[in-house]
Structures are given as C-alpha cells and as structure tokens.
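Close look at the chain arrangement
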Amino acid sequence: MIKTAILGYGTIGSGAAEVLEVNKEVIKQRVGEEISLAYILDRKDLSGDPRAGLVTTDFDKILNDDEVKIVIETMGGTGAAYTFVKAALEAGKSVATSNKALVAKYGTELMEIAREKNVSFLFEASVGGGIPIIRPLYDALGGDEIEEISGIMNGTTNFILTKMAKEGSDFDEVLKEAQSLGFAEADPTDDVEGYDAGRKISILTSIVSGKQVNFEGVHMEGITGITAEDMKYALVLDRAIKLVATSKKTDKGYYAIVSPVMLSDSHPLYPVNGVFNAIFVKGNMLGDSMFYGSGAGKLPTASAVIADVVNIAKNMGRHIPYVWSGEELALLNYEDMTRKFFVRASGDIKEREAEITSLFGDVAFVEASGLKGEFGFVTEEMTEKSFADKYEKLADKITRIRLG
Ligand code: HSE
C-alpha cells in the first residue's frame, strides 16, 4: 500500500480524495498496489465529513510519517504551499500539485530538489485542468520540436466571452452573473486580466523550450475592455473573440503573449465555448493537433492530479524527469510579432477613408448593424510595433483587437 496526504481540502483537494475513493480498484489494478489517503491537512472544521478522521492541522505529522510517499498539494498560492511542498520533497516524498502559481514561480527550484532526492514533482493539473497536456508534451510529443502552442486556457473568461457573444450583454453584467453561478472568483483579477493564462503559457513554454520562463515577462492583456459592440463586429466578420495564450518558436527564440483575439471561423479554437479549454499544438513532425476538454472544475482537475499520483506510484524509487533547466529564457519582444488588426473608430467611413488608408495602407472596412456614428476596419498584416505607432496617430479611435 502507498500512503498519500492531501494538503488543502477545498474543491480540488476533496475532488482528489473522491477520485482515489471512487476509482480505488482501477487505480490498484494499474499501479499493482493500493493507494490510500492517510492524512488531510486543513484548518476547516470538517466534522460531519466522512473523511473527518484523516484531518490534521499539523504538517509535521505528515512530514515525519515515512509511510507517506506521495503528497498531493491542492492548497493554492505560493506561501504555505511552497514551504510544505519544498519540505516534502526534501524529506524524500514525491509531490503532485494542481497549483500553477507555485509551478510558475518556484517550479525550477522544486524540480531540482525532486531530482536531487530521486523523487518526482508533477503538475499536470496546473494547465488545462483535466486536459492532458503536460505529459503529452514531455512524452507523447517527445520526438517533436514544438513550434507553436495556442490555447484557450482560462474557463472563466471563455465562459464570459461566450455569454457576451450569445446574449449581446456587456462584460460587467456577465461577470456578475458568472460570479453568482460560481464560475468566476469573488476577486476575478487573475482570470480577467489574463494572469492565469499567462502563468499557464509560461509553464508550457518552459516545457517546450527546456528553460525557465518568468511569467512576468509574458505580455498579458485581459478581457475587461471587450464590449457588446465588439461582439457585433465579430459576428459580421464571422469571427469569435477569445482570450488566447500563445507561445511561438522562431529562428530567433520564443514569443509568448496573452490577449483577446478575434479568431476566424476556420481557426481550431473558434468553436471552443463556455468553460471548456482547448490547447492547439503544432509540432515540426506532428503538424497540428488539439487537446480539448474540461479546463477547470472539481473532478476534471482532481482527475489530472490523481493521474500524476498514479504515474508517481508506478515509478516509485525513480525520478520522473519532467524538468526544465534553471537557465532563464529571455522571451522575444512581442512587438516584433506580425498579424492583422481590427480597429473601431468614430465617424463615417466615406469621410475618413482617405485618412485611414493613408495611415494604415489597404484596409477592409466593416459596419455593424445598429451601431451608428462609428465603423470598423481590418488592417493588412503588420508588426505589433508598426500597428501601435499607426494606432497612436489615429484620431477618434474606439478600440483595437488582434486578429487570429
Ligand atoms: N480560474 C481558472 C479558470 C481555473 O477559470 O480556468 C483553472 O485553472
């Protein structure tokens, strides 16, 4: 029997306990022995919970129990979670975590400790919730050079954008609804400003580049500026506005960016709606592939955590080398990336056509029904820098959104 302990009995932690219990037999069959839950570290009063007998508030009890070989970290944050995970690895225990903030900030250090101690530090649930993406990148696509990863990696914002597109409602209104339904946090900053997706793309870029990517270096723009009017233009253009996290390899290095993008209806991410996530991966041998599924939520995320526990259990006594080096990857300046842009401006197309084409060159003008006193246009492909310079000079502008 292999004993485990769960740190943090919230949504994901209780889900992990449930997966271990419900799938006990199938897990035993795969691993060759039973995986049991010996402790739950939490300060909440869990009296009445069937697992209340396992609860402790004393982390040292877990640390000093040599029979606990795998620690499941589902606390979140980078405070106590970091201290406990580091101590567990140093004590020779393997760790499975769902905590992307921890992996993005301290992953390199924790992987190195795991390597030194001949244990494993796995984090499948940190990106894409229940969608397998970390292991495919390390194992199934281990023979490929990954040229691009583009994904809808945040369920909250995809839920909000999908509802805005369907119902014609504004961001604030849908955010309130999402919060009341439990799809958005009381403080939604990390999700709506793109930081959550930024952490996830930094983890994936670290994996494919083999070097450490600091998430603060990723250019991140959120969805708070997207309006019901923008959605009307997207509809006319047969496009959908999505928060897209992209990592691209070029001859010079890697770009990484998170921003709203107006995706064409032929883009593989276009039909991904609601809380679903999808991660498009382009390999130099594989070509295109896409991973789609439940990117968040109790059981999907817990399923990914327990998949790591099973992987660790099957490799007891061996370090699973899911690592990147401590060398920092200097991301390329996103301003050198090229693409087309959609722009909204006030006034009348006929009156402003000459001015706009002299500034941007050839553009395709567009009008959305019901929107008076304004129009939109789509530029030709240009660098971010060149677009930003032109946009700066444009009078009476309303907004701009990248095209993809
Ligand atoms: N807040 C995240 C999301 C949870 O909305 O996708 C999963 O990482």
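Higher on the page you've got the structure.
These notes cover the structure that comes with them.

Rules used in this analysis
- Residues numbered from 1 in each chain as written.
- Predicted model: local features only at pLDDT ≥ 70, side-chain atom pairs only at ≥ 80, totals over all residues.
- Heavy atoms only, no water.
- Helix = DSSP H or I, 4+ residues; strand = E, 2+ residues; numbered from the N terminus.
- Buried < 20%, exposed > 50% of the residue type's maximum accessible area, 1.4 Å probe, protein only.
- Areas by Shrake-Rupley, 256 points an atom, 1.4 Å probe, with all protein chains shown as cover.
- Lys, Arg positive; Asp, Glu negative; His and termini not counted.
- Charge placed at Lys NZ, Arg CZ, Asp CG, Glu CD.
- Salt bridge = Lys/Arg side-chain N within 4 Å of Asp/Glu carboxyl O.
- Pairing = 2+ DSSP bridges.
- Patch = residues over 30% accessible without salt bridge, like charges linked within 9 Å, V, L, I, M, F, W, Y side chains within 5 Å.
- Core = buried A, V, L, I, M, F, W, Y, C linked by side-chain atoms within 4.5 Å.
- Contact = heavy atoms within 4.5 Å.
- Near = heavy atom within 4 Å.
- Polar contact = N/O pair within 3.5 Å; in protein donor to acceptor, adjacent residues only side chain to side chain.
- Nonpolar A, V, L, I, M, F, W, Y, C, P; charged D, E, K, R; others polar.

A short note on the overall build of the chain
Scanning the chain from N- to C-terminus turns up 14 helices and 18 strands. Out of the 404 residues belonging to the chain, those deemed buried represent 54%. Per element, the accessible surface of the chain, about 17400 Å² overall, is 46% carbon and sulfur. Charged side chains in the chain number 44 positive and 61 negative. The centres of these two groups are separated by 2 Å.

Regarding the pattern of salt bridges
Any two side chains of opposite charge can pair, given that their charged atoms come close. Scanning all chains against the criterion turns up 23 salt bridges. For Arg 402, the salt bridge goes to Glu 221, with nearest N and O atoms at 3.0 Å. One end of the pair, Arg 402, is in strand β18 (residues 397-403); the other, Glu 221, is in the loop between β8 (219-220) and α11 (228-236), and 181 residues separate them in sequence. Per residue, the accessibility class of Arg 402 equals that of Glu 221, and both read buried. Bridged by salt links that share partners, the residues Glu 221, Arg 339, Glu 384, Arg 400 and Arg 402 form one connected network.

With respect to the sheet that holds strand β2 (residues 35-41)
Across the sheet, which stays open at both edges, the six strands sit in the order β3-β2-β1-β4-β5-β6 with parallel pairing between neighbours. Two strands bound the open sheet, and with one partner strand each, they are β3 (55-56) and β6 (121-122). As defined by bridge partners, β2 adjoins β3 across two bridges and the pair is classed as parallel. Its bridge partner lying in β3, Leu 41 is registered against Thr 56.

Section: a nonpolar patch on the surface
The grouping of Leu 181, Phe 183, Val 275, Phe 276, Met 290 and Tyr 292 at the surface amounts to a nonpolar patch, some 520 Å² of accessible area in total. Residue placement: Phe 276 occurs in strand β11 (residues 276-283).

Details of the nonpolar core
Membership of the largest hydrophobic core comes to 110 residues, with the highest contact counts inside it found for Phe 121, Ile 134, Leu 137, Ile 160 and Leu 204. With residues near it in sequence (within four places) discarded, Ile 160 still touches Phe 171, Val 174, Leu 175, Ala 178, Val 192 and Ile 223. If you look at the next biggest cluster of nonpolar residues, it comprises 13 residues, including Phe 341, Phe 387, Tyr 391 and Leu 394.

Quick word on the site of the ligand
Within the structure, the ligand sits among Lys 100, Asn 154, Gly 155, Thr 156, Asp 191, Asp 196, Lys 200, Gly 295 and Ala 296. Lys 100 places a polar side-chain atom, nitrogen or oxygen, 2.6 Å from an oxygen atom of the ligand. Those elements giving two or more residues to the shell around the ligand turn out to be α7 (155-167) and α10 (195-209). Looking at the shell around the ligand, its residues break down into one nonpolar, four polar and four charged.

Comments concerning the pairing of strand β16 (residues 374-379)
Burial analysis of β16 places six of its six residues in the buried class, the great majority of the element. Burial along β16 is two-sided: Glu 374, Gly 376 and Val 378 and Phe 375, Phe 377 and Thr 379, pointing in opposite directions, are all buried. Pairing of strand β14 (residues 341-346) with β16 involves five bridges; the strand directions are antiparallel. Within β16, the residue paired with Arg 344 across the bridge is Gly 376. Direction of pairing for strand β15 (residues 363-366) relative to β16: antiparallel, over a ladder of four bridges. The residue bridging Ala 364 from the neighbouring strand is Val 378, located in β16.

This is a description of form; function is not addressed.
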